[in-house]
Amino acid sequence: MARLLILFAHPALEKSRVHRRLIREAQAIEGVTVNDLYEEYPDFQINVQREQALLLDHDLIVLQHPMFWYSTPAILKQWQDLVLEHGWAYGSRGNALRGKLVLSLITTGGGEAAYQHGGFNRYTIAELLAPIAQTVRLCKMEYLPPYVIFGTHRMDEDAIAMAAARYRRLLLALRDDRIDLAGVNGSPVLNPAVAMLLEG
Amino acid sequence: MSGENWLFQAFVYLAAAVVAVPLAKRFGLGSVLGYLLAGVAIGPFGLGFVGQEGEDLIHVAEFGVVMMLFVVGLELEPALLWRLRGPIFALGGLQVMVTAFLAAAAALALGLLWQEALAVGLILSLSSTAIVLQTLNEKGLLRGEGGQSSFAVLLFQDIAVIPMLAVFPLLATHGADHDAASHAATTWTAGMPPWAQTLAVLGAVAAVVLAGRFLIRPALSAIARTRLRELFTAAALLLVIGIALLMTQVGLSPALGTFLAGVVLANSEYRHELESDIEPFKGLLLGLFFIAVGASIDFALIVAQPLLIAGLVLAIVALKFGVLFVLARLFRLSFDQSMLFAFALPQVGEFAFVLFSFASQEGVLGATITGPLVAAVALSMALTPLLLLVNERLVQPRFGTPRQTEREPDAIDEHHPVIIAGFGGFGSTVGRLLKANGVPTTVLEYDSDRVDLLRRLGLKVFYGDASRYDLLASAGAGEARLLVLALDTPERTLELVHTARRHFPHLQILARAFDWGDALELRAAGVDHVYRESLDTAARAGADAMRLLGSRAYRAVRAAQTFVHHDEAALDELYQHRHDFSVYLSEARRRIENLERIMLADREDRSLEHDAGWDAESLREEVRSIGMSRAPTAPGGGVSGQDT
Ligand SMILES: Cc1cc2nc3c(=O)[nH]c(=O)nc-3n(C[C@H](O)[C@H](O)[C@H](O)COP(=O)(O)O)c2cc1C
């Protein structure tokens with residue numbers, strides 16, 4: 001069983017439609033730790049020791065957040081700046097995180113077609129996430145293809161409920177090592193693999 | 001008295017004061033000693049400009065004491081007075097009783113009748129409110145523990161005069177001298193039976209309190225509306241004189257009556273106006289009083305019986321000093337504060353003159369007793385500033401809290417960039433924060449116990465009244481860059497702001513304010529950085545309340561931060577419009593109007609409600625209404641794709 005840590009960042013969960021449902025699912029799953037950053041550090045005073053201990057205690061780190069301005073909400077940036085210390089997470093003697101897995105779990109207002117070359121957003125999700133991917137690599141961890149819930153602007157309640165159910169099953173599968181992570185490497189997003197797993 | 005003679009007298013007194021007081025201050029002797037020496041100089045045994053009328057003058061000038069107590073009362077809020085009730089009655093009561101008992105015993109041993117001995121003991125137990133308060137205030141020592149205790153004891157003594165006046169007639173051993181315009185006969189109540197007198201006294205006190213509450217305030221506000229400054233001054237004087245008159249008529253001490261009136265008016269919006277109107281009169285009359293005391297010292301008697309007088313003075317002062325010091329220690333004052341207390345109060349007070357003359361009228365004491373005693377009393381008063389000087393120069397440096405830490409030989413005494421005035425809850429937080437971040441600070445503090453503690457912890461602490469120029473200067477205000485004001489009252493803060501702005505204009509001032517009102521005053525006084533002590537903490541409490549009701553932590557924190565900014569902006573707005581308000585609008589009225597403006601601003605500021613940037617609602621609506629036909633305009637885009 002993999003130990004899952006969800007680093008969750010949403011600055012206004014009271015206004016959220018999607019993440020609010022997702023995170024409720026996650027909190028109900030045994031063996032999954034939800035670290036709600038905005039709730040934990042409303043003044044951005046991140047407790048570095050606590051965060052580092054949490055990282056050490058888990059195998060798979062999920063960065064879960066809405067896409068804001070083609071990037072993460074602000075606190076996740078602050079989290080990276082403070083928690084990933086030189087000599088601990090990276091550098092010649094920074095090996096604390098070596099071998100862990102990292103997965104971005106993102107919602108976007110725009111649809112999937114918009115995140116294509118020639119599409120409205122001109123870049124793919126993978127390209128936009130390059131800074132995170134490289135950060136993870138520098139910290140000697142492995143970055144999985146992101147799991148993206150596209151087109152939230154157009155989702156109605158039923159669609160959201162379906163997305164939440166799928167999300168729950170994804171977390172269970174990840175926890176129980178039922179996804180062939182070696183096989184998905186190289187695909188732009190995790191979505192097709194997940195669809196296959198859940199249907200099969 | 002002819003007009004010219006009157007002018008000449010005024011000229012002599014004023015000239016003596018104007019010459020002697022600055023001289024005395026120059027030599028560090030304080031103004032009281034200056035006035036006393038001026039009195040000696042122009043008195044019958046000096047230049048002889050004033051003759052025996054010196055003693056009559058004392059009675060006129062005693063009115064300065066009455067005014068002083070009015071001002072003291074104004075500065076004392078009822079709450080503080082209530083808090084001092086322990087020291088007033090326990091410490092004050094014991095002081096009077098023990099001193100009176102011991103002095104009476106000594107007098108008895110010297111061969112006086114017991115009635116005479118008791119009267120002498122009671123009189124000698126009193127100290128001089130005028131000299132002590134004036135001197136301590138000037139030295140900035142009134143706010144420390146020793147100063148507060150001295151004040152409490154003096155207050156009790158002023159109360160104790162009343163029963164003494166009542167008891168003296170019972171102590172008469174020979175026929176009362178009632179032909180002379182006797183004190184008692186001039187009052188309304190003189191002929192009444194005792195119960196009626198008591199009733200009159202209680203009635204007078206009640207009248208003062210009730211009038212202060214319900215009559216004087218509206219009257220003052222009506223007078224203030226005329227905008228004639230001198231009329232307000234006249235009203236203030238009228239008030240003090242009226243109360244003094246009423247009190248004398250029912251046989252109470254006028255000083256006590258005006259003190260009471262002061263306390264009743266301490267919470268009123270006219271407190272500052274009253275204080276500043278009475279202040280110069282008080283100062284002049286007190287000065288006159290001290291001059292008169294100086295002039296009335298009977299040097300002939302002293303020269304005739306130098307040993308007797310010197311022995312009397314020494315015995316009285318030593319006895320009182322001993323009692324005071326032991327009591328102070330019993331009441332758990334620290335050693336240096338006990339010293340201050342004992343050095344401040346060992347003289348005999350101005351009431352002694354009144355009581356001695358009353359006692360001889362009533363046939364309690366004869367001239368052979370009062371003569372040498374009056375001289376000794378005057379000398380003991382003159383000694384007080386000197387004794388306090390001894391305490392300040394010789395005793396305190398050795399045993400007490402030194403004004404500044406001695407320079408440690410190995411530490412280079414570099415100047416600290418920050419001075420913090422007041423190291424209570426607020427100041428100490430600022431200081432600790434700065435120290436934790438390597439910013440050295442210099443602290444000014446007047447609570448000697450706290451000073452000792454801080455020094456033991458290795459802080460650079462200066463002891464004394466921060467609003468004094470010389471203390472600021474020696475604390476390095478000339479070289480510092482920032483001055484943090486965390487004093488415990490708005491008045492002291494403003495005082496210090498004025499001193500600092502005048503003498504150290506380069507200092508940037510960061511001042512703690514208590515509420516909107518004094519935040520505005522501080523801004524008006526030229527302070528750019530004003531911190532309302534209730535704002536940030538209250539906002540945090542509000543945020544926690546939101547959280548406890550289920551709000552997200554970050555939303556609550558953002559809401560609190562936004563609110564703080566909004567509130568600061570509203571204060572700014574109010575400051576810009578401060579001249580719209582009539583200056584003569586009463587303080588309370590203004591506060592209400594301020595609150596009204598703020599609450600209106602709360603309603604208008606929409607940013608208080610939400611962080612619109614995180615609101616995707618309008619975005620979603622636009623996406624839905626545009627559909628697929630037109631180009632999207634939002635990040636992420638509205639182009640429909642698979643929903644996965
Ligand atoms: C400040 C802000 C910036 C956003 N930027 C993007 C963006 O760059 N790309 C995108 O596809 N959606 C963007 N969106 C839409 C959000 O991603 C979308 O509302 C969110 O994923 C919905 O999840 P929620 O209901 O849990 O809040 C943005 C929304 C906000 C409020």
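Numbering of residues starts from 1 in every chain and runs along the sequence as written. Starting at A for chains and at 1 for ligands, labels are handed out in the order in which the entities are written. Selection of residues for local features in this predicted model requires a pLDDT of at least 70, selection of side-chain atom pairs for listing and counting requires 80 or more, and totals for whole chains, interfaces and linings are taken over all residues. Excluding hydrogens and water, the side-chain values take into account all heavy atoms of the structure.

Undergrad: Provide a residue-level description of the pairing of strand β3 (residues 460-463) of chain B, including the pertinent values.
TA: Residues and elements named next belong to chain B. The rule is simple: take the accessible area with a 1.4 Å probe, protein chains only, and divide by the maximum for that residue type; under 20% is buried, over 50% is exposed, in between is partly exposed. Elements are defined by DSSP. Helices are runs of H or I of four residues or more, strands are runs of E of two residues or more, and each kind is numbered from the N terminus. Taking every second residue as pointing to the same face, both faces of β3 are buried, with K460 and F462 on one and V461 and Y463 on the other. By definition, two strands form a pair when at least two bridges between them are found by DSSP. Across four bridges, the pairing between strand β2 (residues 441-445) and β3 is parallel. When the sheet's bridge partners are listed, V443 is paired in β3 with V461.

Undergrad: Which residues make up the pairing of strand β4 (residues 482-485) of chain B, and what values do they have?
TA: Residue and element names in this part refer to chain B. Across four bridges, strand β1 (residues 418-421) lies against β4 in parallel orientation. Looking at β4, one finds that A421 is bridged to L485. Across four bridges, the pairing between β4 and strand β5 (residues 508-513) is parallel. Each residue of the ladder has a partner; that of V484, found in β5, is L510. Considered for its hand, the β-α-β crossover made up of β4, helix α21 (residues 490-503) and β5 is right-handed. If you view a crossover with the strands going away from you and the path from the first strand over the helix to the second runs clockwise, you call it right-handed.

Undergrad: An account of the site of the ligand is requested, with residue identities and associated values reported.
TA: By convention in these notes, a residue is near a molecule or strand provided one of its non-hydrogen atoms lies within 4 Å of it. Looking at the ligand, there are 22 residues lining it, with S16, R17, M67, T107 and Y115 of chain A nearest. Mapping the residues near the ligand onto chains gives chains A and B. Between the ligand and T107 of chain A there is a distance of 2.5 Å, counted from an oxygen atom to a side-chain nitrogen or oxygen. Within the complex, the protein chains bury 94% of what would otherwise be the 630 Å² of accessible surface of the ligand. For this classification, Asp, Glu, Lys and Arg are treated as charged, while Ala, Val, Leu, Ile, Met, Phe, Trp, Tyr, Cys and Pro are nonpolar and the rest, including Gly, are polar. Split into classes, the residues belonging to the shell around the ligand amount to ten nonpolar, eleven polar and one charged. Polar contacts, as counted here, are pairs of nitrogen or oxygen atoms within 3.5 Å of one another; within protein the pair requires one atom able to donate a hydrogen and one able to accept it, and residues that are adjacent in sequence qualify only if both atoms are side-chain atoms. For the area figures, the Shrake-Rupley method with a 1.4 Å probe applies, and any residue is considered shielded solely by the protein chains shown.

Undergrad: Before we move on, could you go through the environment of A96 of chain A and cite the residues and values that matter?
TA: Residue and element names in this part refer to chain A. By secondary structure assignment, the location of A96 is in the loop between α4 (74-83) and β4 (101-107). Accessibility expressed as a relative area gives 26% for A96, which makes it partly exposed. It is 9.8 Å that separates the C-alpha atoms of A96 and M141, two residues lying 45 residues apart in sequence. Working rule for contacts: check all heavy atoms of both residues, and any pair within 4.5 Å makes them a contact. Ignoring any residue separated from it by four or fewer positions in sequence, one finds A96 in contact with L56 and W88.

Undergrad: Tell me about the pattern of salt bridges, residues and numbers included.
TA: Note on definitions: salt bridges are taken to be side-chain nitrogens of Lys or Arg within 4 Å of carboxyl oxygens of Asp or Glu. Taken as a whole and judged by the stated rule, the model has 16 salt bridges over all chains. R552 of chain B is the salt-bridge partner of D36 of chain A, the closest N and O atoms lying 2.4 Å from each other. Pair noted here: D36 of chain A is in strand β2 (residues 32-36) and R552 of chain B is in the loop between α23 (533-548) and α24 (553-576), and the two residues belong to different chains. Here D36 of chain A falls in the buried class, since its relative accessible area comes to 12%. Relative accessible area serves as the criterion here: at 13%, R552 of chain B is assigned to the buried category. Among the salt bridges present, the one from R532 of chain B reaches D567 of chain B, with a minimum N-O distance of 2.8 Å.

Undergrad: Go over helix α10 (residues 229-249) of chain B, please, and point to the residues and values.
TA: Residues and elements named next belong to chain B. To estimate how far a helix should reach, multiply one less than its number of residues by 1.5 Å. End to end, α10 covers 30 Å across 21 residues, agreeing with the expected 30 Å (1.5 Å per residue, within 8%). Buried within α10 we find F232, T233, A235, A236, L237, L239, V240, I243, A244, M247 and Q249. After α10 finishes, the residue G251 shows a positive phi value of roughly 80°.

Undergrad: An account of the environment of L122 of chain B is requested, with residue identities and associated values reported.
TA: Residue and element names in this part refer to chain B. With respect to the helices and strands, the residue L122 is situated in helix α6 (residues 114-124). Distance from L122 to F101, taken between C-alpha atoms, is 7.9 Å for residues 21 residues apart in sequence. The contact partners of L122, leaving out residues within four places of it in the chain, are A100, M164 and F168.

All we've got here are geometric facts, nothing functional implied.
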